[in-house]
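Listed here are the chains, written in short residue letters.
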Amino acid sequence: MATYSADYLKRLWAAVERFEEVFGRWMETQEESDHVQSRGLFPTVRPKDGQDRAVIRRLELDVAEAAGAAARAVTVAGAQIAVAGVGVLDPIENWSLMSAPKALFTPQEVRTTAARVRGRLSMMISEAEAAAESATPGFAPSELHEVIWTAAAAHWTTHQYRVAVREASEALTVHWKGRLGRNDVTDTSFWQQTLSAGDPEPGKPKLAWPGPAEDQTAKSMRGGLAPLAGALNNLATGLNLTVRNVATHTRDELTEQEGMERLAAYSYFARLLDQCEIRRSEEAGT
């Protein structure tokens, strides 16, 4: 069953209200009848005597525009009408058929449909708002750090979750090796050297959390980045080994939930790294 947001349903409700308004103005220019009076052979509306035809045409365009916006609401609310020999139709979308011979609808049926739609939408809005208040927040992999999701996306969409995680971890290392010009070192050594305490050496820049040296928060962040990098690097190494083992990969694929949790860890680490300062040796900069 399709679900709709409260905001979307409110927009539909407003569209139906707008239709009712312009439809009412148009009906002020029309003589109204029903199927009994028209004997099922004639239109159920006709212009009143003395009405300006130009005004009527302008009002008809307003009604047509409003009907186009409101027609979706009839489908969402399930308020179509079954017409014998024709099928299920939307009276709002087909309001103009009232002016045709053997009119399928009467003005009252159009008004009743609009009122019924608004009533159903009002209930749906209340239900959607209640559901939103109690809903668990969603998780969108595409909102992960750009480096992480770009590397993982192609494999994620084919449900290769373990490969997606491995590719994301390797992409993050490649990304920072490239930025720091450190393609001369293994992945494990790279993170150890880049996030370790102390001053950078020539050709070996470091990443450090910004802030005064005596700031406790900054000190905690600097002390935590290196172990986090080591743990994630070990996870990447393990994934790399198991993925390349075809038998293990076939037997022990990650679930989507497990994959999301691992990608989230790498994404969090990537965002922390983005906030770090790149510190280079003064000698290297001369």
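Because the structure is a prediction, the values reported are computed rather than measured.

(A) Expanded view of the overall build of the protein. Each helix and strand counted, the protein has 10 helices and 6 strands in total. Contacts in the protein between residues at least 24 apart in sequence constitute 66% of all its contacts with a sequence separation of at least 6. With an accessible surface of roughly 16200 Å², the protein has 52% of that area assigned to carbon and sulfur atoms.

(B) Region of interest: the side chain of Lys177. Mapped onto the fold, Lys177 is located in helix H5 (residues 161-180). Within polar-contact distance, the side chain of Lys177 engages the backbone oxygen of Val185 at 2.6 Å. Among residues more than four places away in sequence, those in contact with Lys177 are Arg182, Asn183, Val185, Thr186, Asp187 and Phe190.

(C) Region of interest: the side chain of Lys206. Structurally, Lys206 is set in strand S5 (residues 206-208). From its side chain, Lys206 meets the backbone oxygen of Gln193 in a polar contact 2.9 Å long. Each residue touching Lys206, except ones within four places of it in the same chain, is listed here: Gln193, Thr194, Ser196, Ala197, Gly198, Asp199, Pro200, Glu277, Ile278 and Arg279.

(D) A look at the packing of aromatic side chains. In the structure shown here, the tally under the stated rule is 8 aromatic pairs. Measuring from centroid to centroid gives 4.6 Å for Trp156 and Tyr161, while their planes differ by 65°, and the two rings are edge-to-face. Neither Trp156 nor Tyr161 differs from the other in exposure class; each is buried. Put simply, the rings of Phe19, Phe23, Trp26 and Trp95 touch in pairs and so form one group of aromatic residues.

(E) Seen up close, the packing of H5 against helix H9 (residues 256-274). For the pair H5 and H9, interaxial distance at closest approach is 9 Å and the crossing angle is 10°. By the angle between their axes, H5 is roughly parallel relative to H9. Residues Tyr161, Ala164, Val165, Ala168, Ser169, Leu172 and Trp176 of H5 touch H9, and the partners they reach there are Glu256, Gly259, Arg262, Leu263, Tyr266, Phe269, Ala270, Leu273 and Asp274. In terms of residue class, the contact of H5 with H9 is made up of 11 nonpolar, 2 polar and 3 charged.

(F) Structural detail: helix H2 (residues 53-77). End to end, H2 covers 35 Å across 25 residues, agreeing with the expected 36 Å (1.5 Å per residue, within 8%). Within H2, the axis deviates most sharply at Ala69, by approximately 35°. By the burial criterion, the buried members of H2 are Ile56, Leu59, Val63, Ala66, Ala67, Ala70, Ala71, Ala73, Val74, Val76 and Ala77. Lining the buried residues of H2 we find helix H1 (6-27), strand S1 (30-32), strand S2 (45-47) and helix H3 (107-134). Regarding H2, its N-cap is Asp52, as a side-chain oxygen of that residue lies 2.8 Å from the backbone nitrogen of Ala54 further along.

(G) Region of the structure containing the pattern of salt bridges. Under the definition given, this model contains 10 salt bridges. Taking the shortest distance from any N to any O, the salt bridge between Lys10 and Glu129 comes out at 2.9 Å. Note that Lys10 is positioned in helix H1 and Glu129 in helix H3, a separation of 119 residues in sequence. Close ionic contact of Asp184 with Arg182 constitutes a salt bridge, the shortest N to O distance being 3.1 Å. Under the relative-accessibility criterion, Asp184 is labelled exposed at 58%. Linked through salt bridges whose partners overlap, the residues forming this network are Arg18, Glu21 and Arg25.

(H) Fine view of the nonpolar core. Judged by nonpolar contacts, the single largest core of 34 residues is most densely connected at Phe19, Phe23, Trp26, Val117 and Leu121. Dropping the residues within four chain positions of it, Leu121 is found in contact with Leu9, Leu12, Trp13, Val16, Ala73 and Val76.

(I) Quick peek at H1. With 22 residues, H1 ought to run about 32 Å at 1.5 Å a step, and its terminal C-alpha atoms sit 31 Å apart, in line with that. Regarding H1, the residues found buried are Ala6, Leu9, Leu12, Ala15, Val16, Phe19, Val22, Phe23, Trp26 and Met27.

(J) Spotlight on unusual backbone geometry. Here Lys102, not a glycine, exhibits a phi torsion of approximately 55°, which is positive. Considering the arrangement of structural elements, one finds Lys102 in the loop between strand S4 (87-89) and H3.

(K) A look at the packing of helix H4 (residues 146-156) against H5. One way to put it is that H4 packs onto H5 with a least axis distance of 8 Å and a crossing angle of 150°. Regarding the angle of H4 to H5, the classification is roughly antiparallel. As for the relative orientation of H4 and H5, their crossing is right-handed in sense. Two secondary-structure elements touch here, H4 through Val147, Ile148, Ala151, Ala152, His155 and Trp156 and H5 through Tyr161, Val163, Ala164, Glu167, Ala168, Ala171, Leu172 and His175.

(L) Fine view of the confidence of the model for the protein. In this model, the protein carries a mean pLDDT of 84, and residues with pLDDT of at least 70 account for 87%. This stretch, residues 243-250, has a pLDDT under 50; its non-local contacts, to residues over four places away or in other chains, come to 9 contacts.

Rules behind the numbers
Residues numbered from 1 in each chain as written. Predicted model: local features only at pLDDT ≥ 70, side-chain atom pairs only at ≥ 80, totals over all residues. Heavy atoms only, no water. Helix = DSSP H or I, 4+ residues; strand = E, 2+ residues; numbered from the N terminus. Contact = heavy atoms within 4.5 Å. Areas by Shrake-Rupley, 256 points an atom, 1.4 Å probe, with all protein chains shown as cover. Polar contact = N/O pair within 3.5 Å; in protein donor to acceptor, adjacent residues only side chain to side chain. Phe/Tyr/Trp six-rings, centres within 6.5 Å; stacked < 30°, edge-to-face > 60°. Buried < 20%, exposed > 50% of the residue type's maximum accessible area, 1.4 Å probe, protein only. Axes fitted to C-alpha atoms, helices over the stretch in contact; angles between N-to-C directions. Parallel < 35°, antiparallel > 145°, perpendicular 65-115°, else oblique. Nonpolar A, V, L, I, M, F, W, Y, C, P; charged D, E, K, R; others polar. Expected span 1.5 Å × (residues − 1). Bend = angle between axes of the 7 residues up to and from the residue. Salt bridge = Lys/Arg side-chain N within 4 Å of Asp/Glu carboxyl O. Core = buried A, V, L, I, M, F, W, Y, C linked by side-chain atoms within 4.5 Å. Left-handed = near helix turned anticlockwise from the far one by under 90°. pLDDT = per-residue confidence, 0-100.

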